[in-house]
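Chains, contacts and geometry: an overview
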Amino acid sequence: MTRKKMTHKIKIGIDVGGTFTHAVAVDISDFKLIGKACVPTTHKSAEGVAKGVVDSMHLLIKESQINPDEIVLIAHSTTQATNALLEGDVAVVGIIGMGKGLEGIRAKKEINLRNIELSPGKFLQTKFRFIDLTNSINEDVIKKNIIELLSEGAQVIVASEAFGVDDTKNEDLVVSIAENMNLQATAASRISRLYGLRVRTRTAVINASMMPKMLETANRTEEAIRKSGIKAPLMVMRSDGGIMDINEMRKRPILTMLSGPAAGVAAALMYEKVSDGIFLEVGGTSTDISVIKNGKPQVKSAQIGGNRLYLRTLDVRTLGIAGGSVPRIQGNKIVDVGPRSAHIAELNYVSFSDEDFSDIEIKKVQPLKNDPDDYLSIKVKNEFNKRFTITPTGASNYLGLVKDIGHGSANLDSIKKCFESLSRILSKDAKELAKDILIISAEKIKPVINQLSREYKLDKELIQLIGGGGGATALVPFTAQHLGYPHKIAKDCEVVSAIGAALGMIRDSVEKTIINPTENDIISLRQQAFDSVAAMGAIPESIEVTVEIDSKNKKVIAVAMGSSEMRSRDVEIKALTENEIKQIASVSMRITEDKVTVSGNTSFFYAMTYKQIKKHLFGLIKDETQKLRVIDREGTIKLQLNDALSESVVANSVKSKIKEMIVQLTTFGDAGALVPDVFLLVSSKIVDFTGLINESQIMALVDFELSKVPQDEKIIVIASPKK
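Residues numbered from 1 in each chain as written. Predicted model: local features only at pLDDT ≥ 70, side-chain atom pairs only at ≥ 80, totals over all residues. Heavy atoms only, no water.

Looking along the chain, the bond that leaves Gly338 and enters Pro339 is cis, with omega of 5°. Here Pro339 shows up in strand S20 (residues 333-341). Backbone geometry at Lys273 places phi at a positive 55°, although glycine is not the residue there. Note on Lys273: relative accessible area 29%, which makes it partly exposed. You will see that Asn370, though not glycine, has its phi angle at about 75°, which is positive. With respect to the element layout, Asn370 can be found in the loop between strand S22 (360-365) and strand S23 (375-380). (Helix = DSSP H or I, 4+ residues; strand = E, 2+ residues; numbered from the N terminus. Buried < 20%, exposed > 50% of the residue type's maximum accessible area, 1.4 Å probe, protein only.)

Scanning the entire structure with this criterion turns up 6 aromatic pairs. Between Phe128 and Phe130 the ring centres are 6.5 Å apart and the planes differ by 35°, which places this aromatic pair in the tilted class. Plain terms: the ring middles of Phe163 and Tyr195 are 5.8 Å apart, the flat faces sit at 80° to each other, and that makes the pair edge-to-face. Taken together, the residues Phe163 in the loop between strand S9 (156-161) and helix H5 (169-180) and Tyr195 in the loop between helix H6 (188-191) and helix H7 (197-227) connect sequence positions 32 residues apart. For Phe163, a relative accessible area of 40% gives the class partly exposed. (Phe/Tyr/Trp six-rings, centres within 6.5 Å; stacked < 30°, edge-to-face > 60°.)

For sheets, the rule is that strands pair by backbone hydrogen bonds, running either parallel or antiparallel. If you trace the 4 strands from one edge of the open sheet to the other, you get S34-S39-S37-S38, paired in antiparallel fashion. The outermost strands of the open sheet, each flanked by one partner alone, are strand S34 (645-650) and strand S38 (685-688). Averaged over neighbouring strand pairs, the angle between their axes works out to 20° when direction is ignored. Summarising the sheet, S34 and strand S39 (residues 714-720) pair through 6 bridges and their orientation is antiparallel. (Pairing = 2+ DSSP bridges. Axes fitted to C-alpha atoms, helices over the stretch in contact; angles between N-to-C directions.)

Helix length check: H5 (12 residues) gives 16 Å between terminal C-alpha atoms against 16 Å at 1.5 Å per residue, within 8%. Here H5 has its buried residues at Asn170, Glu171, Val174, Val175, Ile177 and Ala178. One side of H5 holds all its buried residues, which, seen down the axis, span an arc of 165°. When the buried face of H5 is taken as reference, the exposed residues oriented beyond 90 degrees from it are Lys169 and Asn180. Buried residues along H5 sit in contact with strand S5 (93-99), helix H4 (139-151), S9, strand S10 (184-187) and H6. One or two positions beyond H5, positive phi appears at Asn182, with a value near 65°. (Expected span 1.5 Å × (residues − 1). Arc of directions from axis to C-beta. Contact = heavy atoms within 4.5 Å.)

Another aspect to go through is the nonpolar core. Within soluble globular proteins, side chains that are nonpolar generally end up buried alongside one another. Grouped together as the largest cluster of nonpolar side chains are 108 residues, with contacts concentrated most on Ile12, Ile74, Val654, Ile658, Leu680, Phe689 and Ile698. Not counting residues up to four positions away in its chain, the partners in contact with Ile698 are Ile658, Ile662, Val675, Val678, Phe689 and Leu692. Listed in part, the 74 residues of the second largest apolar core include Phe31, Ala268, Ala395 and Ala472. (Core = buried A, V, L, I, M, F, W, Y, C linked by side-chain atoms within 4.5 Å.)

Spatial ordering of the open sheet is given by S8-S5-S9-S10, a layout of 4 strands whose pairing is parallel. Sheet topology places strand S8 (126-132) and S10 at the edges, where each strand pairs with a single neighbour. Sheet twist, expressed as the mean angle between neighbouring strand axes with direction ignored, is 20°. Bridge count for S9 against S10 is 4 bridges, and the pairing is parallel. Within S10, the residue paired with Val158 across the bridge is Thr186. Packed on one face of the sheet, H4 meets S5, S8 and S9 and runs near 160° to S8. Set on the sheet, H7 makes contact with S5, S8, S9 and S10; between it and S9 the angle comes to about 160°.

Buried residues dominate strand S19 (residues 325-330), accounting for 5 of its 6 residues. With antiparallel pairing between neighbouring strands as the criterion, S19 and S20 make up a hairpin whose turn holds 2 residues, including Gly331 at a positive phi of roughly 65°.

This next bit is on the pattern of salt bridges. In the structure shown here, the tally under the stated rule is 44 salt bridges. The partner of Glu152 in a salt bridge is Arg129, with the nearest N and O atoms 2.4 Å apart. Remark: Arg129 occurs in strand S8 and Glu152 occurs in the loop between H4 and S9; sequence separation between them is 23 residues. On the accessibility criterion, Glu152 (35% relative accessible area) is partly exposed. Note that Glu248 is salt-bridged to Lys251, the shortest N-O span being 3.5 Å. Of this pair, Glu248 and Lys251 both sit in helix H8 (residues 246-251), 3 residues apart, which is roughly one turn of the helix. Assessed through its relative accessible area of 14%, Glu248 is described here as buried. (Salt bridge = Lys/Arg side-chain N within 4 Å of Asp/Glu carboxyl O.)

Structure, rendered in structure tokens:
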């Protein structure tokens, strides 16, 4: 892909996949893709996957004629952390535990983790020493224990103390001494500020076990990029859908687990501008399914080998059904599809073949030992070496459902002849055979979508399926049709994860155990999260922070996200007219344009509403609800609620309006009062208070968020009953 020479500001995103490493260049002024490149992933290279990252970047720069000075950011996802854990390719960790008194006796058992199972048959080895803090700790004692751990084979050091999160000086001292001995080391309290000594230590140990390899890769990648004359910041994709700078990755490599699927979701958010939906990233062998709600990816606590960690990762459900899944046949019937793919079964795709499939034989194969032996293999007349199969990719193309292209255009003539031949052999209409393949596939996806809808309390009217990945068109159009949901296929879906890496927001989260959080606790944690992303290069004006009170687990979570550049500083954003915004709202709310009301606007957002009256009992009872869409001036829907209040007020009236809405919308259940979800539209920010559980917490953060806002500035207050 070539382009005319002109000045751009470009972000480069690189996705390290199992087979290929994709690189893309995105112009930040309009989010247009201006170049892409692909190289094989370099698992076996001496430099590891870092070579593929750099090779793909160099190829992209050359083919797209990019000047290094145009590049403002480089970000890549990585499978290295996940693969290291699955394969047990990790360092031996020496643990120095600390404590005193009765707590020390308990801590000694909690911190000694022995061997940690990472995956079936793969273990992380640990060595252990304990320092009793009854007597004062000194450098000689610490050094002696470190030397003993090294003699037993330890390669990295973790320091963990009972209640170390309350006072980190002892853990910090151990780390400082270890680093002075040229060792890599980490303190458990630096990885998590949560109580729960065993889980905190386990999380720190797994993090430390990855450090040697991950640091080597990070250093090689950064060195090669700097030698190329590129001065732009180097970022790495996090497992929660954000990005972090490479120095932060050196300290906390554990945060890169599952960053491949996270990059796809980042693309759905930033490139496709999805505010609510279920994202399906479809490959050749498996499909990753995740949720976007209120413009945010949904996350959960991670586990390794069945052991809980203090780590929040994207909630990804992976299924063994994808674009390359092979059907299974018994008698004249297709009985299943997958989990084995054409690649695993060493079969060629009919969809991408030029063979003549008008005369074929059906053979059955067993892809791997212990697999069923009824996977569909197709032999072409006079072809003695190759075997083929038909997959959901072929079925979707045959039924005319492929409107966008993933991994190349299919050979429709080959697909048509193959289905006609299968129809004769299996005595069934060709279209029905194609439908059978796709119905079986869709029925495997259905329970996961239903479960995610229940768990995250998704509004069924707002659910849409978004397809990404090279196999998206194979499964998403039919599955959406089968389940009755609207759908869209992401632009450039085959490189969607690389695009997500390029456009990811700088992100960090801070969690702390607080039994009864005060307003000062909440504001302090919010500030810590804000400062962290600002330190990584996020522009302060772009940073948004959400705070969640988890009363069940007695913890507070602050999540901050920001961008390394402000588009509005560099280009004139093409603003739509109010009538154009109304039209977008009317389509989303499925009503005519004349029924849409503008309930308020800021310099960047419109709040569009529609009052809906439903009648029950022959019209005797009327139920009034108000649908709301928050739409930015470029026409992107940023927030969708189907039951909400919305009102525009000046800044000094915001608190009284929120109080009024809380009184009106608070509901009561077994757990007591549930205050409504509250949002503020302040200039170009959506301030989200949905994680807070009482009025005083909301008011404290409102004061903080509006402290620098002029008292007469227009703010839009939004509230919706909590589900």
